[in-house]
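Examining the three-dimensional arrangement
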Amino acid sequence: MCGISGIIRLNPHDNHVEKKIKRMQTALQHRGPDDAGICISTDQQAALAHTRLSILDLSPAGHQPMSTSDGRYSITFNGEIYNFQQLRQNLIDQGEKFHSQTDTEVILKLYQRIGADCIHHLRGMFAFAIWDDWEKTCFLARDPLGIKPLYYWQSRTTLVFASELRAVLASGLPGVNLSPEGLYGYLTTGSVPEPYTLIADIHCLAAGHWLYWQNGNITKKQYWQINFTPEEISPPEAREIVRTALVDSIQHHFISDVPVGIFLSGGIDSTTILALATQTQQSQLSTYSITFAESEYNEGELAQKVANHFGAKHTEYQVTASFAKDIFPNFLTAIDQPSIDGFNTFCVSKVAHDQGMKVVLSGLGGDEIFGGYQSFQKVPQMVSFSKNTKFLPWLRTGFGVGLAHWGTLPKMKRFGDFLSHPPTFASAYGSFRGVFSHQEALTIVQHLLGESLIYQQQLDSNHNTPEDEVSFLELSRYMRNQLLRDSDVMSMNWGLELRVPFVDQALLEAVAPIPSNIRLQEGKKLLTQAITEIPDWVVNKPKKGFSFPFESWMDSEFGDYFQNSNIPLNIPLSSWYRRWSLAIFKHWWESVRS
């Protein structure tokens, strides 16, 4: 795991490109504390930078940016390619010679041979850029499920890109202006939805897309998309498919030249990873978790029990209100873009880092693929209710508008939003997972930016069943825009590589054809039936999302951080997550402008 950045220009007249790329590199230093490099083309048309966290081939041979022997192609790469050894051998069989044991060199050699089609051979998480110094082109790509971030800004014939938004800004080239669309998305969902960012004109390259720069023009193309097309698969066959795919994924995710640990919450997903890793790995495994003094939030005993059950060496740290307050300024500094999550990953990543770990596995993604959220039941119910209501459409819309305007509870306001629009799964999902209602978000955008925003209703993606539709939404919105992004930024703040075996293209393509009535049974039954090693006392534990005692902390130790939110007084802030989202945004925006 690393940090990448670059500046590409058609007609370079700026003699300060080295200074700019060094500023970008410095902004990403936390992502790669082991090594750093800069490559500037002789005509200064391209400048690439890299900061390295050494995971594969720890020798200097893994230094980046890396170039081909003839100097034509240069790459800066962030991520891990789990099938690189097989690809490397295939290339050797075709006559290629390698100078390192890295996956970086494999990507470079593949691109040299087959160009953009190289991405169809890569299994893993990645964001990379390859400069062709002969053709004067640049190719950027992001992994299919959006595990690794990649941001870019283009103005006239200049392209700037980086692993984090702060590094794009560090170039000094983009203006620092809030994006109305990005801000609206943040207010309504709690994270900034791709392809937007909170800064106008800076975009996130969408998951499963590549970007090609040539002569100052860019072309973008989607090369992969989630596809839930059911096949005739029986429950026993489904269980075998899931087990085989998970074992395969976990084996691939342990490829590393340094030890690999596991984040363990005591839930079904992290227990699944530990259970299967115990069978596939030779050495004793190390697990990490955080606990709380507040009993209603503390699951430390369960995580310790799971670790003991599988013979893992377990490390936990109790996060108290005073400790959280002490470390909170560091958390605020770590934020690249605000969200209503991330502090938990920040804390548990610190625990693993302090124990000397450089790579950890997380159970993120299991709920989205196997139906672990209430949204799989609630969202279809909302759509069915709206479609079957006895109200005439205009009466339903009027009732919704009234509820959105006069409702006193945040949930009721968001439900009013839903009723006032056509009953799509996208709008129901937005209401279920939302923070501020549509009208509240527009009001705040108007208040902060002094300009109105035209809202466009989002359409459904036309999957086969309501449950598949929800699974797609969870994977492409909540998981991608919030969970994966926070996991990347907060783990990398501590120089820690976080891997997600459930979020694997090969795994998803294997289980996606399983009919939703089997794959998405309530309680993740398919997963627990496929992984029989999960103890009953984990399976039967009531589902409880991982959370912090924020509400009580915000009213006591954290009080100073959550005052003076600077929004219209008629917008209620009784819910802790609303106060949190505004406070985090305020501190982020002040730091960006300073």
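The structure under discussion appears in the preceding block.
Residues numbered from 1 in each chain as written. Predicted model: local features only at pLDDT ≥ 70, side-chain atom pairs only at ≥ 80, totals over all residues. Heavy atoms only, no water.

Overview of the sheet that holds strand β8 (residues 151-155)
Inclusion rule: Two strands pair if DSSP finds at least two bridges between them. In DSSP terms, a helix is any run of H or I states spanning at least four residues, a strand is any run of E spanning at least two, and both are numbered starting from the N terminus. Axis lines are fitted to C-alpha atoms, over the contacting stretch for helices. Their N-to-C directions set the angle, which ranges from 0 to 180 degrees. Between two residues, a contact is recorded if the distance between any of their heavy atoms is within 4.5 Å.
Here we have six strands laid out as an open sheet, ordered β2-β3-β1-β9-β8-β10, and antiparallel in their pairing. Strand pairing shows two members of the sheet lacking a second neighbour, β2 (35-40) and β10 (202-204), which therefore form its edges. Across the sheet, the axes of successive neighbouring strands diverge by a mean angle of 15°, strand direction being ignored. Inspection of the sheet shows strand β1 (residues 2-9) paired to strand β3 (residues 46-52) by seven bridges, in the antiparallel sense. Within β3, the position partnered with serine 5 by the bridge is alanine 49. The strands touched by helix α1 (residues 17-27) are β1, β2, β3 and β9 (158-162); relative to β1, the strand with the most contacts, the crossing angle is about 155°.

Looking at the pairing of β9
Heads up, the rule is: Exposure categories follow from relative accessible area, calculated using a 1.4 Å probe and restricted to protein chains: below 20% of the type maximum is buried, above 50% is exposed, and the middle band is partly exposed.
For β9, the buried fraction is high: five of the five residues fall into the buried class. Residue alternation in β9 divides its side chains into two sets, Thr158, Val160 and Ala162 and Leu159 and Phe161, and both sets are buried. Where β1 and β9 come together, five bridges link them in antiparallel fashion. Looking at β9, one finds that isoleucine 7 is bridged to valine 160. Here β8 pairs with β9 via five bridges, running antiparallel. Looking across to β9, one finds that glutamine 154 is bridged to leucine 159.

Describing the side chain of glutamate 474
The cut-off we apply is this: For this analysis, a polar contact is any N or O atom pair within 3.5 Å, provided that within protein one partner can donate a hydrogen and the other can accept it, and provided that sequence-adjacent residues contribute only side-chain to side-chain pairs.
Mapped onto the elements, glutamate 474 comes out in helix α17 (residues 466-492). Within the local environment of glutamate 474, its side chain forms a polar contact with the side chain of arginine 433, the two groups lying 3.1 Å apart. Filtering out sequence-adjacent residues up to four positions away, glutamate 474 remains in contact with Glu368, Tyr373, Ser375, Phe376, Tyr429, Arg433 and Met479.

Quick notes on the nonpolar core
How we decide: Think of a nonpolar core as a cluster: buried Ala, Val, Leu, Ile, Met, Phe, Trp, Tyr and Cys residues, connected wherever their side-chain atoms sit within 4.5 Å.
Counting 174 residues, the largest nonpolar core has Phe128, Phe328, Phe331, Phe343, Trp580 and Trp588 as the members making the most contacts within it. Counting residues in hydrophobic clusters, the runner-up holds 16 residues, among them Ala127, Ala129, Cys138 and Leu150.

Focus on the side chain of threonine 287
For threonine 287, the location among the structural elements is in strand β14 (residues 286-291). If we ignore the near neighbours within four places in the chain, the residues touching threonine 287 are Ile262, Leu264, Leu274, Ala307, Ala312, Lys313, His314 and Thr315.

Notes on the packing of helix α6 (residues 235-253) against helix α7 (residues 268-280)
Cut-off, in case you're wondering: Orientation is classified from the angle alone, with under 35 degrees giving roughly parallel, over 145 giving roughly antiparallel, 65 to 115 giving roughly perpendicular, and any other angle giving oblique. For this classification, the nonpolar set comprises Ala, Val, Leu, Ile, Met, Phe, Trp, Tyr, Cys and Pro, the charged set comprises Asp, Glu, Lys and Arg, and every other residue, Gly included, is treated as polar.
Look at α6 against α7: their axes get within 10 Å of each other, and the N-to-C directions meet at 70°. On the basis of their axis angle, the class for α6 and α7 is roughly perpendicular. Residues Arg243, Leu246, Val247, Ile250 and Gln251 of α6 lie in contact with α7, whose contacting residues are Thr272, Ile273, Leu276, Ala277, Gln279 and Thr280. Across the contact of α6 with α7, the residue classes tally to six nonpolar, four polar and one charged.

Concerning α1
Inclusion rule: Relevant arc is that of directions from the helix axis to the C-beta atoms, nothing else.
The set of residues buried in α1 consists of Val17, Lys20, Ile21, Met24, Gln25 and Ala27. Along α1, the residues classed as buried sweep out an arc of 160° about the axis, all on the same side. Looking at α1, the residues exposed on the side facing more than 90 degrees away from the buried face are Lys19 and Thr26.

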